[in-house]
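# Results of the structural survey
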Amino acid sequence: MELQILPTISTSFIVISAVLVAIGWGLIVKRKVEAHKKVMLAAGVAALIFFIIYASRTVFIGNTAFGGGENIKPYYTFFLIFHITLATTGAVFGIVSIISGLKTNIKLHRRIGPITSIIWFFVAITGVLVYLLLYILFEPGETTSVIKAILGF
């Protein structure tokens, strides 16, 4: 099985972003505000790098369809749509969290920051699982348009 380099790199950036979020959470618990800010911005940059790689690959190359059996494809599709929804929600929460933290809207930042972090941990976990399902556990399907890769038509 051939290693898919762009998906491997982009998935790595999601994992890096989640690790940085965990470190940032630990720093704020210790009241290390400036270090927290730097680490969380780095987490945002790692997530942005993921998105740039993913979006570029989607536009210029296409997406990889699920290569597993037809009997499990509906479960994969449900899981993928769940992951996409979670990732979109996490991205919106992440942007609001970063902006509120930088603009020193601490009340909003403290309220949504922990929620954002938890969502992002689930995004990273489900993102790695999608990667494993697409490229490691099953032979990758064809590279095709995003709609066809997700929904199969």
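Because the structure is predicted, anything quoted here is derived from the model rather than measured. (Residues numbered from 1 in each chain as written. Predicted model: local features only at pLDDT ≥ 70, side-chain atom pairs only at ≥ 80, totals over all residues. Heavy atoms only, no water.)

Right, let's get into the overall build of the chain. Across its full length, the chain holds five helices and two strands. Projected onto the principal axes, the alpha-carbon positions of the chain cover approximately 50 × 25 × 25 Å. The proportion of buried residues among the 153 residues of the chain is 35%. Intrachain contacts of the chain at a sequence separation of at least 6 include 76% that bridge at least 24 residues. (Helix = DSSP H or I, 4+ residues; strand = E, 2+ residues; numbered from the N terminus. Buried < 20%, exposed > 50% of the residue type's maximum accessible area, 1.4 Å probe, protein only. Contact = heavy atoms within 4.5 Å.)

For helix α4 (residues 106-136), which comprises 31 residues, the first-to-last C-alpha distance of 42 Å matches the rise-based estimate of 45 Å (1.5 Å per residue) to within 8%. The sharpest bend along α4 reaches about 35 degrees and sits at Ile112, with the proline Pro114 one to four residues further on. (Expected span 1.5 Å × (residues − 1). Bend = angle between axes of the 7 residues up to and from the residue.)

The next thing to look at is the UniProt feature "transmembrane region" (unreviewed entry) in the chain. UniProt annotation of "transmembrane region" (unreviewed entry) refers to residues 6-27, 39-56, 76-102 and 114-138 when read in the numbering used here. The span residues 6-27 shows a helical share of 100% and a strand share of 0%, and its end C-alpha atoms are spaced 31 Å apart. The distance separating the terminal C-alpha atoms of residues 76-102 is 38 Å; by composition the span is 100% helix and 0% strand. (UniProt positions renumbered as here; feature names shortened; annotations may be inferred.)

The next point concerns the packing of aromatic side chains. Working definition: an aromatic ring pair is given by the centre-to-centre distance plus the angle between the planes. Taken as a whole, this structure holds five aromatic pairs when the rule is applied. Seen in terms of ring centroids, Phe66 and Phe138 are 5.3 Å apart; in terms of plane orientation they differ by 70 degrees. Their pairing is edge-to-face. Note that Phe66 is positioned in the loop between β1 (63-64) and α3 (73-102) and Phe138 in the loop between α4 and β2 (143-144), a separation of 72 residues in sequence. For Phe138, a relative accessible area of 25% gives the class partly exposed. Through a chain of ring-to-ring contacts, the aromatic side chains of Phe66, Tyr76 and Phe138 assemble into a single cluster. (Phe/Tyr/Trp six-rings, centres within 6.5 Å; stacked < 30°, edge-to-face > 60°.)

So, on to helix α1 (residues 5-29). Here α1 contains 25 residues, and its C-alpha end-to-end distance of 36 Å stays within 8% of the 36 Å for a straight helix at 1.5 Å per residue. Buried within α1 we find Pro7, Thr8, Ser10, Thr11, Ile14, Ser17, Ala18, Leu20, Val21, Gly24 and Leu27. Buried-residue contacts for α1 involve α2 (33-60) and α4. Residue Arg31 follows α1 closely and has a positive phi angle near 65 degrees.

As a further point, take the packing of α1 against α2. At a minimum axis distance of 8 Å, the contact between α1 and α2 shows a crossing angle of 165 degrees. Viewed along their axes, α1 and α2 adopt a mutual orientation that is roughly antiparallel. Read as a crossing pair, α1 and α2 show a hand that is left-handed. For the contact of α1 with α2, the per-class residue count stands at 23 nonpolar, five polar and one charged. (Axes fitted to C-alpha atoms, helices over the stretch in contact; angles between N-to-C directions. Parallel < 35°, antiparallel > 145°, perpendicular 65-115°, else oblique. Left-handed = near helix turned anticlockwise from the far one by under 90°. Nonpolar A, V, L, I, M, F, W, Y, C, P; charged D, E, K, R; others polar.)

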